[in-house]
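# Close look at the chain arrangement
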Amino acid sequence: MPIDKNEKQRLQEKARQHRTDIVNVTEWAGGAHIGGAMSMADILTILYYKFLRIDPARPDWDERDRMILSKGHGGVGLAAVLGRRGYFDMALLRNFNKFKSPFGMHLDCRKVAGVDASTGSLGHGMSMAVGLALGARLQRKSWITYCIVGDGECNEGSIWEAAMSASHFKLTNLITIVDRNSLMIDGRTEDVMALEPFADKWRAFGFLVKEIDGHDFDELNDAISDAREKRQAPVVIIAKTVKGKGVDYMENEVKWHYGSMNSELAQQARRSIEKMHSA
Amino acid sequence: MALETGTTWTVYDANKMTQSEIYGAVLCELGEKYPSIIGLTADLAKSTKIGMFEDKFPERFINVGIAEQNLFGIAAGLATSGLLPFVSTMAAFASMRACEQVRTDICYQNLNVKIIATHGGISFGTAGSTHQAQEDIAIMRSFPNMTVIVPADGIETANAVRACVEYPGPVYIRVGRGFEPCYYDREDYGFQIGKAVQIAEGTDATLICCGVTVLQAAEAARVLKDEDGLSIEVLNIHTIKPIDTEAIMRSVLTTRRVIVVEEHSVLGGLGSAVADVIASSGKGCAFEKVGIPDEFSLVGYPEDLYAHYKLDTNGIIEKVRAVMGQAFEEDENWEDEV
Ligand SMILES: Cc1ncc(C[n+]2csc(CCOP(=O)(O)OP(=O)(O)O)c2C)c(N)n1
């Protein structure tokens, strides 16, 4: 079902808050992988505020949907949305990166409630997601497994091993979303290690491919709703995004893969985020 | 020129540069002299500083994207073709993600591939266990043909990188992430792969260390002399493999108390290597390993973690005092111990 205007505004509001939280945590932590957290901010927002069947009061609820952030360096974004959804007190995030903190840059599922897998070494998450999806099938559970993958991360052969198995096992309870921001650390994905024709690669691996604007809630909503209905093949949503989205000075800037902000830069970032969706 | 004298890098440069920046600069120098050197990375040109080589020799640089297994396989192929690959990525990914490529493609075939791995140990402490490498020394030293070096600081990194070029076979050099302070103030202290450096003489106990713990141990020895009147020998065993058996046994015979301090798991690293040497000798001594216990490290800035795991000056002092207090057979007759 398409989302109505109110729902869209609600999601936009949540996304602004989420991005502001990311800026705050980055400032407190003394640095974070902020660019890639901003590019997937709308994806996380619609998952955590609309699609995921979860209960923050019961993080271990067996029937819950699973969400694996395979691009684990986006931990700052995942932590921010989990805190807002009530898995833990947002104030704990002031301790991000600090000594003995449960929150490192890459989240540890044994320490942070709501995290379904410890990721950070790229190219692991999708295999674990395949395992969770197979686990659901074998145990006749109805949960859906979501997996967010970075585009640079798709250089890893293990992503394609996972993809091959997802399609071989016809995992229609697995939804993979690629954050296609076209940047990695050393430059543009197409310059460092070309991925294109990217959608064709996924098709060749047996996936149903949806290419959408990863910042447009209508498109995100339609693609994910549709993926939940589809029952013939695993789905990959290639979400075209902008690294650093929402912060004017960060957008499409490769140097903002990882960055730290002084209070002035953070303030400027928050102002830039406030202006989002106002057009 | 610089290469011949080996004294380009002074503490003045080194204190302004990270270990990896010094590595990058030295590799650029070496690139001039050795046209066969090829630089490789997996989307970490900037982070590991091998990007400095890329800037200077773009046509001799290969970035494979985020694909470490491919990275080391390609390096093996390049070496087979007669080139001299220098490969850089984070220590966790060099030793674990590409473990089998390093072992089977590079070590088994005994290829001339030099691996300069950054973010070693818990130097990237804030990143958590996915990026911490507390196992890499154990892994690498278990591979036949592999040489394993953990330089004390930027200056020793320069020495190690220079030395490994003419040293045959695979070499693994582990450096840190950030602004680890320098112990050495110049390069010409006689660095040689496989030879320990005695940086303080002593008769009461021996501190054996590598990497960031060298500076801390040297400092601890000074404090222990002033405050406790102890005479502590300090050995920098920068080469974990091949290990300097002679230097270790000389220490055992002199001080009979050995404390090994390293930024690594207590399982399988320098501590284990030293323990092997001592145990096989049949000689007894008081012995303590200081490192990360058999658990995944906490999160935090490296300084906090070093303090927590007793790898800093204060922690080392505490450990030495404990070992000095240990009841120990002071028998000078070694004959009955074999
Ligand atoms: C196996 C592995 N190799 C290298 C890294 C270091 N690293 C962290 S993020 C990153 C780039 C990721 O690019 P991409 O997947 O496109 O993420 P995004 O641009 O969305 O942040 C790299 C190479 C890692 N975390 N894991």
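Conventions adopted
- Residues numbered from 1 in each chain as written.
- Chains lettered and ligands numbered in written order.
- Predicted model: local features only at pLDDT ≥ 70, side-chain atom pairs only at ≥ 80, totals over all residues.
- Heavy atoms only, no water.
- Helix = DSSP H or I, 4+ residues; strand = E, 2+ residues; numbered from the N terminus.
- Buried < 20%, exposed > 50% of the residue type's maximum accessible area, 1.4 Å probe, protein only.
- 1 Å grid on protein atoms, 1.4 Å probe; cavity = no way out; pocket = protein on both sides within 12 Å on 5 of 7 lines; lining within 4 Å.
- Points joined across faces, edges and corners; volume = space filled by probe spheres on them.
- Nonpolar A, V, L, I, M, F, W, Y, C, P; charged D, E, K, R; others polar.
- Pairing = 2+ DSSP bridges.
- Axes fitted to C-alpha atoms, helices over the stretch in contact; angles between N-to-C directions.
- Domains from an automatic or database assignment.
- Contact = heavy atoms within 4.5 Å.
- Buried area = accessible area lost by both parts, 1.4 Å probe.
- Salt bridge = Lys/Arg side-chain N within 4 Å of Asp/Glu carboxyl O.
- Polar contact = N/O pair within 3.5 Å; in protein donor to acceptor, adjacent residues only side chain to side chain.
- Near = heavy atom within 4 Å.
- Areas by Shrake-Rupley, 256 points an atom, 1.4 Å probe, with all protein chains shown as cover.
- Sits in = over half its atoms within 2 Å of the grid points.

### Remarks on unusual backbone geometry
Excluding glycine, residues mostly carry a negative phi; peptide bonds, for their part, are mostly trans. A cis amide bond, omega 0°, links glutamate 196 of chain A with the succeeding residue proline 197 of chain A. Relative to the helices and strands, proline 197 of chain A is located in the loop between helix H7 (189-192) and helix H8 (198-204). Along the chain, lysine 241 of chain B connects to proline 242 of chain B via a cis peptide bond; the corresponding omega equals 0°. Its place among the elements puts proline 242 of chain B in the loop between strand S10 (239-241) and helix H12 (245-255). For serine 182 of chain A, which is not a glycine, the phi torsion comes out positive at approximately 65°. With respect to the helices and strands, serine 182 of chain A occurs in the loop between strand S3 (174-180) and H7. Of note in this structure, histidine 277 of chain A is not a glycine but carries a positive phi near 65°. Relative to the elements of secondary structure, histidine 277 of chain A occurs in the segment after helix H10 (263-274). When its relative accessible area of 29% is taken as the criterion, histidine 277 of chain A is described as partly exposed.

### What to know about the layout of surface pockets
Of the volumes computed, that of the largest pocket is approximately 910 Å³. Considering the residues around the largest pocket, the lining is formed by 43 residues, among which Ile185 and His257 of chain A together with Leu44, Ser47 and Met90 of chain B are closest to the centre. Within the residue set of the lining of the largest pocket, elements represented by two or more residues are helix H3 (19-33), helix H4 (45-48) and helix H7 (91-97) of chain B. Among the residues making up the lining of the largest pocket, the classes are represented as 13 nonpolar, 16 polar and 14 charged.

### Points about the sheet that holds strand S6 (residues 171-174) of chain B
All names here are of chain B. With respect to topology, seven strands assemble into an open sheet ordered S2-S1-S3-S4-S6-S5-S10, the strand pairing being mixed. With partners counted over all chains shown, the strands left at the sheet margins are strand S2 (61-63) and S10, one partner each. For this sheet, the mean inter-axis angle between neighbouring strands, taken without regard to orientation, is 20°. Of the pairings in the sheet, the one linking strand S5 (residues 147-149) to S10 comprises two bridges and is antiparallel in character. Paired with valine 148 across the strands is lysine 241, a residue of S10.

### What to know about the domain arrangement of chain B
Size of an interface: often given as the accessible area lost when the parts come together. Residue and element names in this part refer to chain B. Splitting chain B by domain gives domain 1 (11-174) and domain 2 (197-323). The C-alpha centroid of domain 2 is placed 26 Å from the C-alpha centroid of domain 1. The interface is formed by 28 residues belonging to domain 1 together with 33 residues belonging to domain 2. Taken over both partners, the interface formed by domain 1 and domain 2 buries close to 2,200 Å², and the fraction arising from carbon and sulfur atoms is 54%. Salt-bridge contacts for arginine 141 lead to aspartate 276; the nearest nitrogen and oxygen are separated by 4.0 Å. Inspection of the region where domain 1 meets domain 2 yields 20 residue pairs in polar contact (both at pLDDT 80 or more).

### A short note on the site of the ligand
Near the ligand lie 24 residues; those nearest to it are Lys71, His73, Asp151 and Lys243 of chain A together with Glu68 of chain B. Chains contributing residues to the immediate surroundings of the ligand are chains A and B. Backbone polar atom of glutamate 153 of chain A to an oxygen atom of the ligand: 2.9 Å apart, as the coordinates give it. Expressed as a share of its isolated accessible area of 590 Å², the protein-covered part of the ligand is 99%. The pocket occupied by the ligand, as judged from atoms lying within 2 Å of grid points, is the largest pocket. Residues that form the shell around the ligand fall into these classes: six nonpolar, nine polar and nine charged.

### Focus: the interface of chain B and chain A
Opposite the 26 residues of chain B that make contact, chain A presents 27 residues. Between chain B and chain A the total buried area reaches about 2,200 Å² when both faces are included, carbon and sulfur atoms providing 52% of it. It is Ile66, Arg97 and Val299 of chain B that lose the most area in chain B upon contact with chain A, and together they represent 28% of the buried surface on that side. Run the count over chain B and chain A and you get one salt bridge. The shortest N-O distance in the salt bridge between glutamate 156 of chain A and arginine 97 of chain B comes to 3.3 Å. Breaking the side of chain B that touches chain A down by element, the ones donating at least two residues are H4, H7 and helix H14 (302-308) of chain B.

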